[in-house]
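Breakdown of the fold
Here is how the chains run, residue by residue.
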Amino acid sequence: MSRLHLIDPAQATGTRKELLQQIHGAFGATPAMFRAVANSTAALQSMWGAFGALGSGVIPAKLGEQIAVAVADRNDCEYCLAAHTMLGRKAGASTAEMAAAQQGESTDPQTAAALRFALQLVDNRGQVGDADVQALREAGFNDEQIVEILAHVALNLFTNYMNLAFQVPLDFPAVKRRGTQPL
């Protein structure tokens, strides 16, 4: 049971209602996480805006979802693991690719570099070195893409913490956690 009241979109008003309608339109339903975040219109606006901005960024949707499952697995967030596995499949990733991403792995060297960096950010609370950033450049990422990788990690930290701290009920098909260990 959620530690927060899940906002009923039918009872929402103003900006909160508009945002929840947009979310419902995007998903065909209003996921519980958004209903929990909707307790704060500012937080909902921030999170939904970040999803929109990153969704139209330079990092492909598939890679964004692979980053999300790596971060979710590392943080033991069943909600985000389930949601982003489903979204990753919709973005063109195979079941095997999403399972590998949970462990920060990929057969594609560029994706593998991005996932390693994402998990380094999580494990080291943002404390990475010159060599870590250089490894991304050597894998073919430019500065814009590198910043977006970090932005994906930051957004997923917020959603992971939201779901973990407030025990948001799972409303996506569960995915088995791989239990990755810090790098």
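Shown above is the structure to which this text applies.
So, a few notes on the structure that sits alongside this text. Since the model is a prediction, treat every value here as computed from it, not as a measurement.

**What to know about the environment of L170**
By the secondary structure assignment, L170 is in the segment after α9 (143-165). Along the sequence, L170 and A32 sit 138 residues apart, while their C-alpha atoms lie 7.4 Å from each other. Sequence-distant contacts of L170, that is, excluding residues within four places in its chain, are made with E78, Y79 and A82.

**Some thoughts on the packing of helix α4 (residues 61-75) against helix α6 (residues 95-102)**
It is the contact of α4 with α6, at a shortest axis distance of 7 Å, that shows an interaxial angle of 45°. Here α4 is positioned oblique relative to α6, judged by the angle of their axes. Seen along the crossing, α4 lies across α6 with a hand that is right-handed. Seen from α4, the contacting residues are K62, E65, Q66, V69, A70 and D73; seen from α6, they are E97, M98, A101 and Q102. Within the contact of α4 with α6, the residues separate by chemical class into four nonpolar, two polar and four charged.

**So, the pattern of salt bridges**
Pairing between side chains of opposite charge can happen when their charged atoms approach one another. For the coordinates displayed, the defined rule picks out three salt bridges. The salt bridge partner of K62 is E97, with a shortest N-O separation of 2.9 Å. With K62 in helix α4 and E97 in helix α6, this pair connects stretches of sequence that are 35 residues apart. Given the relative accessible area of 27%, K62 is considered partly exposed. Put simply, R74 and D123 hold a salt bridge, and the shortest N to O gap is 2.4 Å. Of this pair, R74 sits in helix α4 while D123 sits in helix α7 (residues 109-123); the two residues are 49 residues apart in sequence, bridging distant segments of the chain. Given a relative accessible area of 11%, R74 falls into the buried group. For D123, a relative accessible area of 23% gives the class partly exposed.

**Concerning the side chain of H152**
Among the structural elements, H152 can be located in helix α9. For H152, a relative accessible area of 10% translates into the label buried. Excluding residues that lie within four positions of it along the chain, H152 makes contacts with L54, I59, G64 and I67.

**Here we look at the nonpolar core**
Counting 49 residues, the largest nonpolar core has L44, I67, F141 and I149 as the members making the most contacts within it. Broken down by secondary-structure element, the contributors of at least two residues to this core are α1 (14-27), α2 (32-37), α3 (41-55), α4, α5 (78-90), α6, α7 and α9. The element best represented in this core is α7, accounting for eight residues.

**Here we look at the packing of aromatic side chains**
Counted under the stated rule, the structure contains five aromatic pairs. Here the aromatic rings of F27 and F34 are separated by 5.5 Å at their centres, their planes lie at 45°, and the arrangement is tilted. Here F27 falls in the partly exposed class, since its relative accessible area comes to 32%. Here the aromatic residues F27, F34, W48 and F51 are joined through ring pairs into a cluster of three or more.

**Describing α9**
Spanning 23 residues, α9 covers 33 Å between terminal C-alpha atoms, matching the ideal 33 Å at 1.5 Å per step. All buried positions along α9 are accounted for by Q145, I146, E148, I149, H152, V153, L155, N156, T159, N160, M162 and N163. Contacts from the buried residues of α9 go to α2, α3, α4, α5, α7 and α8 (130-138). Its side-chain oxygen at 3.0 Å from the backbone nitrogen of E144, N142 defines the N-terminal cap of α9. Backbone geometry just downstream of α9 places Q167 in the positive-phi region, at approximately 45°.

**Examining the packing of α4 against α7**
Two elements in contact, α4 and α7, have axes separated by 10 Å at closest approach and are oriented at 35°. The interaxial crossing formed by α4 with α7 has right-handed handedness. Contact with α4, carried on its side by L63, Q66, I67, A70, V71, R74 and N75, involves T111, A114, L115, A118, L119, V122 and D123 of α7 and no other residues of that element. For the contact of α4 with α7, the residue count by class is nine nonpolar, three polar and two charged.

What counts, and at which threshold
Each chain carries its own residue numbering, running from 1 in the written order of its sequence. Predicted model: local features are reported for residues with pLDDT of at least 70 only, side-chain atom pairs are reported and counted for 80 or more only, and whole-chain, interface and lining totals are derived from all residues. Side-chain descriptors were evaluated using all non-hydrogen atoms of the structure, hydrogens and water having been removed beforehand. For helices the rule is a DSSP run of H or I covering at least 4 residues; for strands it is a run of E covering at least 2, with both sets numbered from the N terminus onward. Only heavy atoms enter the contact rule, under which two residues are in contact if any of them lie within 4.5 Å. To get an axis, a line is fitted to the C-alpha atoms, and for a helix only the part in contact is used. The angle between two axes follows their N-to-C directions and goes from 0 to 180 degrees. In this scheme, roughly parallel covers angles under 35 degrees and roughly antiparallel covers those over 145, while 65 to 115 is roughly perpendicular and the rest are oblique. Helix crossings fall into two classes, left-handed where the near helix is turned counterclockwise from the far one by less than a right angle and right-handed where it is turned clockwise. Asp, Glu, Lys and Arg are counted as charged, while Ala, Val, Leu, Ile, Met, Phe, Trp, Tyr, Cys and Pro are counted as nonpolar; the rest, among them Gly, fall into the polar class. Here, a salt bridge means any side-chain nitrogen of Lys or Arg that lies within 4 Å of a carboxyl oxygen of Asp or Glu. Buried residues are those whose accessible area, probed at 1.4 Å on protein chains only, stays under 20% of the maximum for their type, while exposed residues exceed 50% and partly exposed ones sit between those limits. For the purposes of this section, nonpolar cores are sets of buried Ala, Val, Leu, Ile, Met, Phe, Trp, Tyr and Cys residues that join through side-chain atoms within 4.5 Å. Stacked, edge-to-face and tilted are the three classes for Phe, Tyr and Trp ring pairs, Trp counted by its six-membered ring, which pair at centre distances within 6.5 Å; planes under 30 degrees apart are stacked, over 60 edge-to-face, the rest tilted. Between the first and last residue of a helix there are one fewer steps than residues, each counted as 1.5 Å, and that sum is the expected span. Polar contact is defined as a pair of N or O atoms within 3.5 Å, subject to the rule that within protein one atom must be able to donate a hydrogen and the other to accept it, and that residues adjacent in sequence are counted only when both atoms are side-chain atoms.

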